[in-house]
Amino acid sequence: MYEPIRTKSVHSTMAGTPSDFPHRSREEELDIQLAGHLSALLAVTDALRSLQPAEDLDAAAERLAEQVTRLRGGGTPVRAVASGTGDSAALHERAHALAGRALVVAASRADTAVAILAAERMDAHSAARSAALA
């Protein structure tokens with residue numbers, strides 16, 4: 001009534017063969033994720049720098065760019081050219097959230113330098129947002 005299966009199972013043939021595509025390690029994945037968070041934080045920092053130029057933001061942008069370059073293996077980050085318009089409180093809130101994400105990833109990969117930088121940026125953006133709303 002039923003015809004017998006004449007070919008091997010897909011699952012049995014796949015189990016013994018190595019994969020054809022390269023796999024990244026957990027550390028490489030975390031590096032990529034952390035570089036992405038820091039790049040986004042750098043873009044928001046550049047936008048804030050165009051709204052309210054400050055030495056603190058300039059220094060933070062340089063430190064962020066250095067860390068992104070290190071995580072990407074020497075690839076320099078793309079810098080945003082901001083228009084100088086926008087809501088500074090909303091930008092500080094966005095930067096605070098991005099710094100928090102970067103802190104979580106930095107902690108999971110035990111990157112002390114980035115964790116300290118992210119924590120400092122969280123504090124700075126929290127204080128600046130509170131001042132902007134007051």
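Placed above this text is the structure.
The residue numbering used here restarts from 1 in each chain and proceeds along that chain's sequence as written. In view of the model being predicted, local features appear only for residues whose pLDDT reaches at least 70, and side-chain atom pairs are presented and counted only at 80 or more, with totals across whole chains, interfaces and linings using the full set of residues. To obtain the side-chain values, all non-hydrogen atoms of the structure were used and water was disregarded.

Some details on the overall build of the protein
Quick reminder of the rule: Put simply, DSSP H or I for four residues or longer makes a helix, DSSP E for two residues or longer makes a strand, and each gets a number counted from the N terminus. Classification of residues uses two cut-offs on accessible area relative to the type maximum, computed with a 1.4 Å probe and protein chains only: under 20% is buried, over 50% is exposed, and between them is partly exposed. Whether two residues are in contact is decided by their heavy atoms: any pair within 4.5 Å suffices.
In terms of regular secondary structure, the protein is built from five helices and zero strands. Mapped in sequence order, the helices and strands of the protein form the string α-α-α-α-α. Evaluated residue by residue, the protein yields a buried proportion of 31% over its 134 residues. Considering only contacts within the protein whose residues lie at least 6 apart along the sequence, 73% involve residues at least 24 apart.

Some thoughts on the side chain of His 37
Assignment of secondary structure puts His 37 in helix α2 (residues 26-51). With residues near it in sequence (within four places) discarded, His 37 still touches Leu 98, Arg 101, Ala 102 and Val 105.

As for the nonpolar core
Where we set the bar: In plain words, nonpolar cores are sets of buried Ala, Val, Leu, Ile, Met, Phe, Trp, Tyr and Cys residues tied together by side-chain atoms within 4.5 Å.
One finds Leu 34, Leu 38, Leu 41, Val 44 and Leu 64 to be the most contacted residues of the largest nonpolar core, which totals 27 residues. Mapped by element, the contributors of at least two residues to this core are α2, α3 (55-71), α4 (88-108) and α5 (112-133). It is α2 that contributes the most residues to this core, nine residues altogether.

Some remarks on unusual backbone geometry
For Ala 110, which is not glycine, the phi dihedral falls at a positive 60°. Inspection of the secondary structure puts Ala 110 in the loop between α4 and α5.

What to know about the environment of His 96
If you trace the backbone, His 96 turns up in helix α4. Separated by 30 residues in sequence, His 96 and Ser 126 place their C-alpha atoms 6.5 Å apart. Apart from the residues within four sequence positions on either side, His 96 is in contact with Met 122, His 125 and Ser 126.

Brief notes about the environment of His 37
Using a relative accessible area of 16% as the deciding quantity, one classes His 37 as buried. As for His 37 and Ala 99, which are separated by 62 residues in sequence, their C-alpha atoms are 7.5 Å apart.

Some remarks on the side chain of Ser 39
By the secondary structure assignment, Ser 39 is in helix α2. By relative accessible area, Ser 39 is classed as buried at 19%. Apart from residues lying up to four places away in sequence, Ser 39 is in contact with Val 68 and Arg 72.

Some remarks on the packing of α2 against α3
Short version of the rule: Here, axes are lines fitted to C-alpha atoms. For helices the fit covers the stretch in contact, and angles between N-to-C directions go from 0 to 180 degrees. With respect to orientation, any angle under 35 degrees is reported as roughly parallel, any angle over 145 as roughly antiparallel, any angle of 65 to 115 as roughly perpendicular, and every other angle as oblique. By definition, turning the near helix anticlockwise from the far helix through less than a right angle yields a left-handed crossing, and turning it clockwise yields a right-handed one. Gly counts as polar in this scheme, as do all residues outside two lists: the nonpolar Ala, Val, Leu, Ile, Met, Phe, Trp, Tyr, Cys and Pro, and the charged Asp, Glu, Lys and Arg.
Running from N to C, α2 and α3 cross one another at 155°; their axes reach a closest spacing of 9 Å. As summarised for this structure, α2 and α3 are arranged roughly antiparallel, according to the angle between their axes. Handedness of the α2/α3 crossing: left-handed. When α2 is examined against α3, the residues Asp 31, Leu 34, Ala 35, Leu 38, Ser 39, Leu 41, Leu 42, Thr 45, Asp 46, Leu 48 and Arg 49 are found in contact with a partner set consisting of Leu 57, Asp 58, Ala 61, Leu 64, Ala 65, Gln 67, Val 68 and Leu 71. Tallied by class, the residues present in the contact of α2 with α3 amount to twelve nonpolar, three polar and four charged.

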